[in-house]
Amino acid sequence: MQRSQAQVPAAETHQTHQQLQLPAMMQSIGFIMVLVLAGVTLGIPLNYKCSLLGLWQNDLGSEMNISAGNNAGKFFGTYLTKVSATHKPIAVSPLRGSQQMGNVKQPMFGFTVTWSFTDSTTVFVGQCFVDDKGKETLQTMWLLRKKVDSIEDNWQATLVGTNNFTRLQS
Ligand code: BTN
C-alpha cells in the first residue's frame, strides 16, 4: 500500500540543519569565485596589501630573507649582499627591523644589517609598495657605516645609497 505525504515520518521529510547549510555555503563560495574571476578578467584592482615577509632581491643582486615578524611590528631575517666595500669573503648576515603597525596597505619600515664578515653596519629605511596587480616593491635608502681608526677619518666613514627590492618567490 502507498503512503500519502501526511504519513511520511517527520525524520524523512525534514532535512537536517547541516544538509541545508552545505549547498548554501557552496553557492556563496561559487559566487565569490565568480566575482574574483570577473574582477581579474575585467582588470578591476583587487585590494592587495604589501607584506615584508619572504625572499627579496635588490637591484645589485643582493638577497634578503625576512623570515619572521611579530604583532609588535618587529621582524627578523638574513641578508646576503652581492657586493662589498671589503675584499673579505662575503657571508650571510643577520637583519632586524621594525615596520609601521596597524591596518596599513603600504607600510614604512626600517632595518639594520650587522655584517657578520666585516666591521660595518648598514641601516635601511623604506616603504613597501603594492600595485593593482599585487606586485610588491620595497623602495629603500641606506646608510653604511664603516669602522675607521680615528676621529680624523670620521668624515669618510659613511656611505649612502638606494636599493629597490622585488620578490624572488611568492
Ligand atoms: C661592507 O662591505 O662593509 C659590508 C657589505 C655592505 C653591502 C652594501 S649595504 C648597501 C648596499 N646594498 C647591498 O645590497 N649591498 C650594499
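Just above sits the structure.
Just so we're clear, the structure is a prediction, and the values are computed from it rather than from any experiment. (Residues numbered from 1 in each chain as written. Predicted model: local features only at pLDDT ≥ 70, side-chain atom pairs only at ≥ 80, totals over all residues. Heavy atoms only, no water.)

S.K.: An account of the overall build of the chain is needed here, citing residue identities and associated values.
M.R.: Within the chain one finds 2 helices and 8 strands. Sequence-ordered secondary structure for the chain, helices as α and strands as β, is α-α-β-β-β-β-β-β-β-β. A buried classification covers 24% of the 170 residues belonging to the chain. A separation threshold of at least 6 residues defines the contact pool for the chain, and within that pool the share at least 24 residues apart is 40%. For the chain, the computed accessible surface area is about 11,900 Å², with 59% contributed by carbon and sulfur atoms. (Helix = DSSP H or I, 4+ residues; strand = E, 2+ residues; numbered from the N terminus. Buried < 20%, exposed > 50% of the residue type's maximum accessible area, 1.4 Å probe, protein only. Contact = heavy atoms within 4.5 Å. Areas by Shrake-Rupley, 256 points an atom, 1.4 Å probe, with all protein chains shown as cover.)

S.K.: Hey, could you go over the state of the cysteines for me, with residue numbers and the actual values?
M.R.: Inspection of every chain in the model, using the stated rule, returns 1 disulfide. Two residues, Cys 50 and Cys 128, share a disulfide whose sulfurs are 1.8 Å apart. Given an S-S torsion of about -70°, the disulfide between Cys 50 and Cys 128 has left-handed geometry. Of the two residues, Cys 50 is situated in the loop between α2 (17–41) and β1 (54–58) and Cys 128 in strand β6 (residues 120–130); the sequence distance between them amounts to 78 residues. By relative accessible area, Cys 128 is classed as buried at 0%. (Disulfide = S-S within 2.5 Å.)

S.K.: Outline the site of the ligand, listing residues and values.
M.R.: Residues in contact with the ligand amount to 16 residues; listed here are only the nearest, Ser 62, Tyr 79, Ala 85, Ser 120 and Asn 163. Ser 62 places a side-chain nitrogen or oxygen 2.6 Å from an oxygen atom of the ligand. Measuring from a nitrogen atom of the ligand, one finds a side-chain N or O atom of Thr 81 at 2.9 Å. Against a free-state accessible area of 410 Å², the protein chains account for coverage of 97% of the ligand. Classifying every residue of the shell around the ligand by side-chain character gives 7 nonpolar, 9 polar and no charged. (Near = heavy atom within 4 Å. Polar contact = N/O pair within 3.5 Å; in protein donor to acceptor, adjacent residues only side chain to side chain. Nonpolar A, V, L, I, M, F, W, Y, C, P; charged D, E, K, R; others polar.)

S.K.: Lay out the side chain of Ser 120 with the relevant residues and their values.
M.R.: If you trace the backbone, Ser 120 turns up in strand β6. With a relative accessible area of 12%, Ser 120 lands in the buried category. When sequence neighbours within four positions are dropped, the list of residues in contact with Ser 120 reads Val 113, Thr 114, Trp 115, Leu 144, Arg 145 and Lys 146.

S.K.: Can you explain the nonpolar core? Please cite residues and give values.
M.R.: Of all hydrophobic cores here, the largest spans 20 residues; its most connected members are Met 64, Tyr 79, Phe 111 and Leu 138. Listing elements by their share of this core, those giving two or more residues are β2 (63–69), β3 (74–80), β5 (108–114), β6 and β7 (136–146). Not counting residues within four places of it along the chain, the set of residues in contact with Phe 111 comprises Met 64, Phe 75, Tyr 79, Leu 95, Arg 96, Gly 97, Thr 122, Val 123 and Phe 124. (Core = buried A, V, L, I, M, F, W, Y, C linked by side-chain atoms within 4.5 Å.)

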